[in-house]
Amino acid sequence: MKLGVSRAIFLPRIGRPMSAEEKKVLDQEGMDRALVRIAHEILERNKGAEHFALVGIRTRGALLAKRFQSIIQEIEHQTIPLGVLDITLYRDDLTEIGAQPQVHGTEIDFDLNGKIVVLVDDVLFTGRTIRCALDAIIDYGRPKSIQLAALIDRGHRELPIRADYVGKNIPTSAGEEVVVRLTESDNRDEVVVRRKTA
Amino acid sequence: MSTAWTRKDLLGLRDLTREEIELILKTAESFKEISTRPIKKVPTLRGRTVVNFFFEPSTRTRASFEIAEKRLSADTLNFSGSGSSVEKGETLLDTGKNIEALKVDLVVMRHPASGAPHRLARHIKPGIINAGDGTNEHPTQALLDMLTLKEKKGRIEGLHVAFVGDILHSRVARSNIWGLTKLGAKVTICGPRTLLPVEAQTLGVNVSTNLDEVIHDADAVTLLRIQLERQQEPFFPSVREYAKTFGINQERLKRAKKDLLIMHPGPINRGVELSDEVANGPHSVILDQVTNGIAVRMAVLYLLSGVIRKEKNEDVDPVAQYSGH
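Residues numbered from 1 in each chain as written. Chains lettered and ligands numbered in written order. Predicted model: local features only at pLDDT ≥ 70, side-chain atom pairs only at ≥ 80, totals over all residues.

1. Remarks on the sheet that holds strand 5 (residues 145–153) of chain A
All names here are of chain A.
Argument step 1. Spatially, five strands are ordered 3-2-4-5-6 in an open sheet, and the strand pairing comes out parallel. The open sheet terminates on both sides in strands that have one partner only, identified here as strand 3 (82–85) and strand 6 (165–169). Pairwise comparison of adjacent strand axes, ignoring direction, gives a mean angle of 25° for this sheet.
Argument step 2. Where strand 4 (residues 116–124) lies against strand 5, eight bridges are found, and the strand directions are parallel. Looking at strand 5, one finds that valine 118 is bridged to glutamine 147.
Argument step 3. Sitting on the sheet, helix 2 (residues 28–45) is in contact with strand 4, strand 5 and strand 6, with an inclination near 155° to strand 6.
Argument step 4. Sheet contacts for helix 3 (residues 60–76): strand 2 (52–57), strand 3, strand 4 and strand 5; angle to strand 2, the most-contacted strand, approximately 150°. (Pairing = 2+ DSSP bridges. Helix = DSSP H or I, 4+ residues; strand = E, 2+ residues; numbered from the N terminus. Axes fitted to C-alpha atoms, helices over the stretch in contact; angles between N-to-C directions. Contact = placed C-beta atoms within 7 Å.)

What follows is the structure in structure tokens.
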């Protein structure tokens, strides 16, 4: 409450509206290139498309995983198994947030046992989402290994987790947020950094 | 955006809005997948305690709740009316206060008196899920019926759903009537006059005593068991006559739509409301209902547990909860 009042007084004085301040850090072409590069890296490291599966974290990680699937299809002419993971039920902050977040469900309809799972998310930040995802995946079976691909790594890790494939490293401050927009969900491809609004 | 769940208790579908019912059904759809995994468990309710308090005999509802709780990693505790302090003369409120003092988070409760969970909910902090109160409501049963309808028919709005049998004593029918009419379905109740509630018209449903007419037009029929344990006086001449007039067999099924769904909350009295061939036949979705019951109960436990927790946090520091996230 107090914070809201002081902010309202403070803002007009420095004369800039908070919401308009968006800095684009990746455009459509940049994103395309990053995704194609990561797809090649995944193939190189796993020696082709035989042994791995893609699992995207809802919502935008799942969309990115689908893109990787089609890029790899073009390169290798093989369809990689694709799954979608909802980590809501594994979150460690359910006791702290307000009303329960909507659960959308997990869709993994192939056998994970013995496979290399490439986990895909849009932004790697504290690492807590990835921790949830690791728990969730292991409830489905025992993969040979799990690798992590993130479009953006913005730092500020709170857990010992790192990505195997990164589209772009973007140094941020804690007061900023990274917004990934994808054509499938937001009508355009771009990544912006802005001041946290709430 | 979508509705958020804000209720501490689930007492009946009478109190809920259409959006709240739809939220439960949507959440339940996502929970179905968990029961198909090799490891049928998520850590969501780890460290929470749920008490199943059944003042009335129950096998399937209690088993279904207990499985739902365990698949969400909650700790569970079962009480039944018989063999507990209730038999020694403890009042409902005292029992409730004692459960509260055990620091549990949720109470699943079945009671022979209509309104008992509503009364307890006003006096104790843990959230209460009504698992059947007298002849009033059985909300999770109606929700699982609706989930089954939605799954099999793709919608609820515009469907014609009939309930046949002892409507007067049926909390299942009552909850379904509240829920289905809110979601835009047409509901018909059918049975012997003596077993139809007098206030039927005010509930916004059609009333019929002719099953052949009803079955001709219905998309789904729920058969209700004759609850002899709730009937102090005879309501119809004989079980044989009842079965002939209000039971469904192959012959009667010929009048029905090709894709009619036969539903039953269980337990079935075979040869009375349903013949063997119909109960086991292609129209029957009775076992799908049982499977869906787990998902619906998981969804309700999940949604309610968010509210309970929030209230607890507010006890400590109402401000802390909204800052920093």
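So, next bit.
2. What about the interface of chain A and chain B?
Argument step 1. Taken together, the contact between chain A and chain B spans 18 residues of the former and 21 residues of the latter.
Argument step 2. Across the side of chain A that touches chain B, the residue classes break down as seven nonpolar, eight polar and three charged. (Nonpolar A, V, L, I, M, F, W, Y, C, P; charged D, E, K, R; others polar.)

3. A few points about the packing of helix 2 of chain A against helix 3 of chain A
Residue and element names in this part refer to chain A.
Argument step 1. Orientation of helix 2 relative to helix 3, taken along the N-to-C sense of each, is 65°, at an axis distance of 10 Å. As the angle between them shows, helix 2 and helix 3 are arranged roughly perpendicular. The handedness of the crossing between helix 2 and helix 3 comes out as right-handed. Across the interface between the two elements, Leu35, Val36, Ala39 and Leu43 from helix 2 touch Arg67, Phe68, Ile71, Ile72, Ile75 and Glu76 from helix 3. (Parallel < 35°, antiparallel > 145°, perpendicular 65-115°, else oblique. Left-handed = near helix turned anticlockwise from the far one by under 90°.)

4. Regarding the environment of B:Lys8
Residues and elements named next belong to chain B.
Argument step 1. Tracing the sequence through the fold places lysine 8 in the segment before helix 1 (18–31).
Argument step 2. A residue is classified by how many C-beta atoms lie within 10 Å of it, and lysine 8, with 17 of them, is partly exposed.
Argument step 3. Spatially, the C-alpha atom of lysine 8 lies 7.2 Å from that of isoleucine 128, the residues being 120 residues apart in sequence. (Buried ≥ 20, exposed ≤ 12 C-beta atoms within 10 Å, placed from the backbone.)

5. A short note on the nonpolar core
The nonpolar side chains of a soluble globular protein tend to be buried with one another.
Argument step 1. Core analysis: the largest hydrophobic core is formed by 141 residues, its most contacted members being A:Val55, A:Val120, B:Ile24, B:Val221, B:Ala299 and B:Leu301.
Argument step 2. Considering every element that reaches this core, the biggest residue donor is helix 11 (residues 286–316) of chain B, with eleven residues.
Argument step 3. Domain assignment of the residues forming this core places at least three in each of domain 1 (18–137 + 290–322) and domain 2 (139–287) of chain B.
Argument step 4. In this structure, B:Leu301 is in contact with B:Leu45, B:Val50, B:Ala68, B:Glu69, B:Leu72 and B:Leu106, ignoring residues within four places of it in sequence. (Core = buried A, V, L, I, M, F, W, Y, C linked by C-beta atoms within 7 Å. Domains from an automatic or database assignment.)

6. Some words on the domain arrangement of chain B
All names here are of chain B.
Argument step 1. When cut into domains, chain B gives domain 1 (18–137 + 290–322) and domain 2 (139–287).
Argument step 2. Computed over C-alpha atoms only, the centres of domain 1 and domain 2 are separated by 27 Å.
Argument step 3. With 22 residues of domain 1 in contact, the opposing surface of domain 2 contributes 18 residues.
Argument step 4. Looking at the side of domain 1 that touches domain 2, the elements that each hand over two or more residues are helix 1, strand 4 (127–133) and helix 11.
Argument step 5. At eight residues, helix 11 tops the list of elements feeding residues into the side of domain 1 that touches domain 2.

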